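Given next are the chains, with one letter for each unit.
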Amino acid sequence: MCGIVGAVAQRNVVPILLEGLQRLEYRGYDSAGLAVVHDGQLERVRSIGRVADLTEKSAGTRGFIGIAHTRWATHGVPSVRNAHPHISKDHVAVVHNGIIENYEVLRTRLTAAGYEFTSDTDTEVIAHLIHSHYARGNSLLVATQASLAELVGAYAIGVIAADNPDQLICARRGSPLLLGVGIEEHFIASDVSALLPVTRNVVYLEEGDVVEVGRRSYQIFDTKGMRVERTVQISELNNESVQLGEYCHYMQKEIHEQPQALADTLESVCNSQSLVPGIFGAEAAATFADIDSILILACGTSYHAGLVARYWLEEITGIRCTVEVASEYRYRISVANPKTLVVVISQSGETADTQAALNHAKTHGHIHTLAICNVPESALVRLCKLRMLTRAGPEIGVASTKAFTTQLAALFLLTLILAKQRGRLTAEQEQKHLQELRHLPSGVKKVLELEPQIAKLAEQFASKHHALFLGRGLHYPIALEGALKLKEISYIHAEAYPAGELKHGPLALVDKDMPVISVAPNDALLEKLKSNLQEVRARGGELYVFADAHTHIREAEGIHIMQMPEHAGYLSPILHTIPLQLLAYYVALQKGTDVDKPRNLAKSVTVE
Ligand code: AGP
């Protein structure tokens, strides 16, 4: 989603802004732009397309203060006129991430006041609004604060003015923004990866913060306009972790990082002899003792992780569990139960729908909250009482891979710890699970060896327009995840069904042109699944089966087998995810799509 970078320094900031934007490219965007103050004037460069185009167009632009932006279109098509920064009366420039809900009312008012709108965006009202307050003699800070008070919606903004070469104003509410602290220079960015070449010292801004950023100092004001201090943290993210290295795409790199990501996520547990609630926070033991049900809220891939967890949680702990798509839950009038543990799952920790769903749950009386998240200091982590950080490292590819498998690992730990606390896990079972978790990274490594075979298989998919994914039980959510991966990056229409549901409708779609991909673990539902596969074959459907060892599903005409290792029990969904990620990746390569930045999608969905 939109990315913001800003800088006020003793040097030309244009290269800093451009490199920052390039590092935010993974968030997804369709146009880019920057503005600097130079010789008392605003200079703006905008481009539709890649940051590389903006870089070319910016040759010769310089300034010691500036703001820059990658735009993911919400209001108005991707075009140069809609690209940020937006400028009011050649004087005030604004970049914005978020959505201003009352922009139409403001636009009408500002038009009547003589402001000319040159874009279709909601953002432009912010520029004119700030200008209207600034023109009345207010400081840029006060003009911005006054304008923000009139906005309804979500924002992270950066503001500069032509006659103020020393101050950049920024603010956030509902969209992420942080401040980078350098030596006699300061920066702003949507996420820390944008700033790594210039600083590691960052201040994660809180909801409603407004900051006056100068070269030597900065001042933060809270929602009430009071000066506040926020801790400067040293980011642990290292530069290498956001480099592509030997891989062709971030998605490929991230698929291959899964053994390490899982090992890192499980590190504290696997090094110990027993499972303790403390890994979820100091209050976890007391909280877990007080709950009688679980409600999982998430979006997309993270929602699929929740669906897998429901099988584990109900079967192993005996605790009732529901899983809801966050964007639906946030608007649903539901029955709250203060003894429910609300679990939000998110890679980014900034997903607007998941945040809103969590807030909705809290307002309705839910008090026990847990975030499973990959980004420390993200909004969701800060909003929850308990937390477990997955340690997948930065995930750049829009298609989530290592975040998903590490979320599953964290959710399995939650299951085991709850089961243990409820006396549903014997010491022997605990040791057995710990042993299996220790072997998980090497199990994933083994599955990754299927890569050349899957690359070959993908050749058969490039000409297809549709695909059906099947799974049963614990692996039905894995089929959903496989279908999501394929549609996201290869643009092939893919659906997932629990295999038993085929005959209730989707079987009508099956013919020789419909590839049917099935996850076939050697579990209690195997024989049922085999019958479902026969139903497909009998209608001429081409089957691609990811089968565990000893399933006795044989290669035959129209049946292609990808041989998985021995069945991994409860951890099997993690292993079965890997080949589906690889399949989506290699089909996308065949189709020549932009794997890491698929069309129309953004990495962090920070707007509703
Ligand atoms: C998955 O590949 C996605 N791009 C998307 O579904 C993602 O999982 C979803 O937007 C939720 O994001 P989050 O985990 O950062 O909250």
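Keep in mind it's a predicted model, so treat the numbers as computed, not measured.

When you go through the protein residue by residue, the secondary structure sums to 18 helices and 25 strands. Computed over the C-alpha atoms, the radius of gyration of the protein is 25 Å, within 12% of the 25 Å expected from 2.2 N^0.38 for a compact globule of 608 residues. Expressed as lengths along the three principal axes of its C-alpha atoms, the size of the protein is roughly 80 × 55 × 45 Å. Classification of the 608 residues of the protein by burial places 61% in the buried group. Carbon together with sulfur atoms contributes 51% to the accessible area of the protein, which is approximately 22900 Å² in total.

This next bit is on the site of the ligand. If you check the shell around the ligand, you find 14 residues, and the closest are S302, S346, Q347, T351 and E488. With respect to the ligand, the side chain of K485 contributes an N or O atom lying 3.0 Å from an oxygen atom. Interatomic distance of 2.6 Å between a side-chain N/O atom of E488 and a nitrogen atom of the ligand. Isolated, the ligand exposes 420 Å² of accessible area, and the fraction of that covered by the protein chains is 91%. When residues in the shell around the ligand are grouped by element, the largest group, three residues, is from helix α9 (residues 300-317). When the residues that make up the shell around the ligand are grouped by side-chain class, the tally is four nonpolar, eight polar and two charged.

Taking strand neighbours across the sheet as the criterion, the five strands line up as β22-β21-β23-β24-β25 in an open arrangement whose pairing is parallel. Pairing within the sheet leaves two strands with one partner each, and these edge strands are β22 (493-498) and β25 (559-563). In this sheet, neighbouring strand axes are inclined to one another by 20 degrees on average, regardless of whether the strands run parallel or antiparallel. Helix α16 (residues 476-490) rests against β21 (466-471), β22 and β23 (515-520) of the sheet, and its axis sits at about 180 degrees to β22.

Taking 1.5 Å as the rise per residue, helix α11 (residues 352-363) with twelve residues should run 16 Å; its terminal C-alpha atoms sit 16 Å apart, in good agreement. Looking at the buried positions of α11, the neighbouring elements they touch are β16 (293-298), α10 (326-329), β18 (340-346), β19 (368-373) and α12 (379-383). With its phi angle positive at about 100 degrees, G365 sits one or two positions after the end of α11.

On to the packing of aromatic side chains, then. On inspection of all chains with the given rule, the structure shows five aromatic pairs. Ring geometry for F461 against Y544: centres 4.8 Å apart, planes inclined by 55 degrees, an arrangement best described as tilted. With F461 in the loop between α15 (451-458) and β21 and Y544 in strand β24 (residues 542-547), this residue pair connects regions lying 83 residues apart in the sequence. We classify F461 as buried; its relative accessible area is 1%. The class for Y544 is buried, based on a relative accessible area of 3%. Directly above the ring of Y115 sits K89, whose terminal nitrogen or CZ lies 4.8 Å from the centroid. Across the ring face of Y311, the terminal group of R310 is positioned such that the distance to the ring centre comes to 5.8 Å.

All right, on to the nonpolar core then. In terms of nonpolar packing, the biggest core is built from 88 residues, with I294 and F469 touching the most fellow members. When residues no more than four places from it in sequence are discounted, the contact partners of F469 are A479, G482, A483, L486, A494, E495, A496, Y497, I517 and L580.

The next point concerns helix α14 (residues 427-448). Between its first and last C-alpha atoms α14 spans 32 Å; for 22 residues at 1.5 Å apiece the expected length is 32 Å, and the two agree. Where α14 bends most, at L440, the angle is about 40 degrees, and the proline P441 comes one to four residues later. Residues of α14 that are buried: E430, H433, L434, L437, L440, P441, V444, V447 and L448. On its buried face, α14 sits against α6 (250-256), α7 (258-270), α13 (402-421), α15 and α18 (572-591).

So, on to the pattern of salt bridges. Scanning the model with the defined rule gives 26 salt bridges in all. Across the pair E207 and R172 runs a salt bridge, and its minimum N-O distance is 2.6 Å. Linking E207 in the loop between β11 (201-204) and β12 (210-213) with R172 in strand β8 (residues 164-173), this pair joins segments that are 35 residues apart in sequence. A relative accessible area of 2% means that R172 is categorised as buried. Where R330 meets D353, a salt bridge forms, and the shortest distance between an N and an O atom there is 2.6 Å. You can see R330 sitting in the loop between α10 and β18 and its partner D353 sitting in helix α11, a full 23 residues away along the chain.

What counts, and at which threshold
- Residues numbered from 1 in each chain as written.
- Predicted model: local features only at pLDDT ≥ 70, side-chain atom pairs only at ≥ 80, totals over all residues.
- Heavy atoms only, no water.
- Helix = DSSP H or I, 4+ residues; strand = E, 2+ residues; numbered from the N terminus.
- Rg over C-alpha atoms; globule rule 2.2 N^0.38 Å.
- Buried < 20%, exposed > 50% of the residue type's maximum accessible area, 1.4 Å probe, protein only.
- Areas by Shrake-Rupley, 256 points an atom, 1.4 Å probe, with all protein chains shown as cover.
- Near = heavy atom within 4 Å.
- Polar contact = N/O pair within 3.5 Å; in protein donor to acceptor, adjacent residues only side chain to side chain.
- Nonpolar A, V, L, I, M, F, W, Y, C, P; charged D, E, K, R; others polar.
- Pairing = 2+ DSSP bridges.
- Axes fitted to C-alpha atoms, helices over the stretch in contact; angles between N-to-C directions.
- Contact = heavy atoms within 4.5 Å.
- Expected span 1.5 Å × (residues − 1).
- Phe/Tyr/Trp six-rings, centres within 6.5 Å; stacked < 30°, edge-to-face > 60°.
- Lys NZ or Arg CZ within 6 Å of the ring centre and 35° of its normal.
- Core = buried A, V, L, I, M, F, W, Y, C linked by side-chain atoms within 4.5 Å.
- Bend = angle between axes of the 7 residues up to and from the residue.
- Salt bridge = Lys/Arg side-chain N within 4 Å of Asp/Glu carboxyl O.

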